[in-house]
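# Examination of the molecular architecture
Here's the letter readout for the chains.
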Amino acid sequence: MDGLARTPRGYVRGGTSFTVNRLNLEILAYIVCGLAGLGAGWVANIVANRFPIEERALFAPLRCMKGGEPLHWYDHFPLFGFFLQKGICRHCGKKLPLRFPLLELLLVACFVAAWARFQNAPLYIYAINAFYITLMVVVGAIDLRHRLIFPAMIYLGCLVAILTGILSGSHQDKLLPDGIGSGILGALFCGVTFQMLYWLAIAIYRVRALGFGDVLLAALMGFILGFPSSVAALFMGAVLNGIAAGLVMLLHKKGRREFIPYGTTLCLATMLSIIFGESVWRWGPLGILTDLLGLLFEIIFRFMLNILGVQVS
């Protein structure tokens, strides 16, 4: 009895109370991440909807897309605003695009799933990767709808990735690229590969099947994921694009000489690599391809260093 009397309040022998409190904190962390994803989805919707249209200021008050009437705060409240209006604008009666709640739900799911991987890492690593995920969603959504990739967004992502590589240093845990060198190698490989595909597509199809924005996006993938993770993500993006093109053709939505936006599938591949890490890009043929290309690229890199007279171990 004396031992139990001296037991600190809130603690039960066997650690039951401690386990419950820890579980509650973990649940709370996932809820916070979900709310952060909901807020990021709201911002992503605004940027993806307004950025491609020059006459709409990015930070102007939100208005009805058809009639121009100012929206109440609850009309554009993340996710709930769509369902409160039952998917129909209360001002003009026009059906609201389903992409609004879907994009917000996507970012909620991504933020929560990413926390499962990064919860034991320093918080800044999760924050940086959450920014990358949000940026990929915005770029992919714009490219899917408008077939446009804006260099300003790519340059912003590259700047963050370069500063992160310089300031955070080496990461053997692969939660970030293993230093700035890994990011540069990834950007060079992905950028050069897509530049060659860009020229090859023009030679084969006589039209621009790829845009230069896809080349810039591929380089950004390299900076974000580093080498060799970006190699598998690049291949994964190509596979996803082929699957999407096949499904669209089966549904008779596009012809054989029409193209699925590559940027959208590259963004999706980048997001999957960030959220699931090595378990995605080491799977089956992706892992084999990564090893082969990594070995080839390392041989070429060492050969160039030897030509320049730089000693490598």
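Everything here concerns the structure above.
Residues numbered from 1 in each chain as written. Predicted model: local features only at pLDDT ≥ 70, side-chain atom pairs only at ≥ 80, totals over all residues. Heavy atoms only, no water.

## So, the packing of helix α9 (residues 229–250) against helix α10 (residues 262–276)
Where α9 contacts α10, the two axes come as close as 8 Å, and the packing angle between them is 130°. By the criterion of interaxial angle, the relationship of α9 to α10 is oblique. Considering only the axes of α9 and α10, their crossing is right-handed. Residues Ala 233, Leu 234, Met 236, Gly 237, Ala 238, Leu 240 and Asn 241 of α9 touch α10, and the partners they reach there are Tyr 262, Thr 265, Leu 266, Leu 268, Ala 269, Leu 272 and Ser 273. Across the contact of α9 with α10, the residue classes tally to ten nonpolar, four polar and no charged. (Axes fitted to C-alpha atoms, helices over the stretch in contact; angles between N-to-C directions. Helix = DSSP H or I, 4+ residues; strand = E, 2+ residues; numbered from the N terminus. Parallel < 35°, antiparallel > 145°, perpendicular 65-115°, else oblique. Left-handed = near helix turned anticlockwise from the far one by under 90°. Contact = heavy atoms within 4.5 Å. Nonpolar A, V, L, I, M, F, W, Y, C, P; charged D, E, K, R; others polar.)

## Observations regarding the side chain of Asn 45
Along the chain, Asn 45 turns up in helix α2 (residues 16–50). Within the structure, the side chain of Asn 45 is placed 2.9 Å from the backbone oxygen of Phe 100, a separation counted as a polar contact. Excluding residues that lie within four positions of it along the chain, Asn 45 makes contacts with Arg 99, Phe 100, Leu 103 and Glu 104. (Polar contact = N/O pair within 3.5 Å; in protein donor to acceptor, adjacent residues only side chain to side chain.)

## So, the nonpolar core
Leu 107, Ile 133, Met 136, Leu 217, Leu 220 and Leu 234 are the most contacted members of the largest nonpolar core, which totals 57 residues. Of all the secondary-structure elements, those providing two or more residues to this core are α2, α4 (99–118), α5 (123–146), α6 (151–168), α7 (180–205), α8 (212–225), α9 and α10. The biggest single contributor to this core is α5, with twelve residues. Aside from chain neighbours lying at most four places away, what touches Leu 220 is Leu 135, Met 136, Ile 154, Gly 157 and Cys 158. (Core = buried A, V, L, I, M, F, W, Y, C linked by side-chain atoms within 4.5 Å. Buried < 20%, exposed > 50% of the residue type's maximum accessible area, 1.4 Å probe, protein only.)

## Quick word on the packing of aromatic side chains
For the structure shown, the criterion picks out six aromatic pairs. Ring plane angle 90° and centroid distance 5.4 Å describe the contact between Phe 194 and Tyr 262, whose orientation is recorded as edge-to-face. Placement of the pair is Phe 194 in helix α7 and Tyr 262 in helix α10, with a sequence separation of 68 residues. Among the aromatic residues, ring-to-ring pairing joins Phe 111, Trp 115 and Tyr 126 into one connected group. (Phe/Tyr/Trp six-rings, centres within 6.5 Å; stacked < 30°, edge-to-face > 60°.)

## Looking at unusual backbone geometry
The phi angle at Arg 147 is positive, at roughly 55°, despite the residue not being glycine. Among the structural elements, Arg 147 can be located in the loop between α5 and α6. The exposure class of Arg 147 is partly exposed, given its relative accessible area of 44%.

All we've got here are geometric facts, nothing functional implied.
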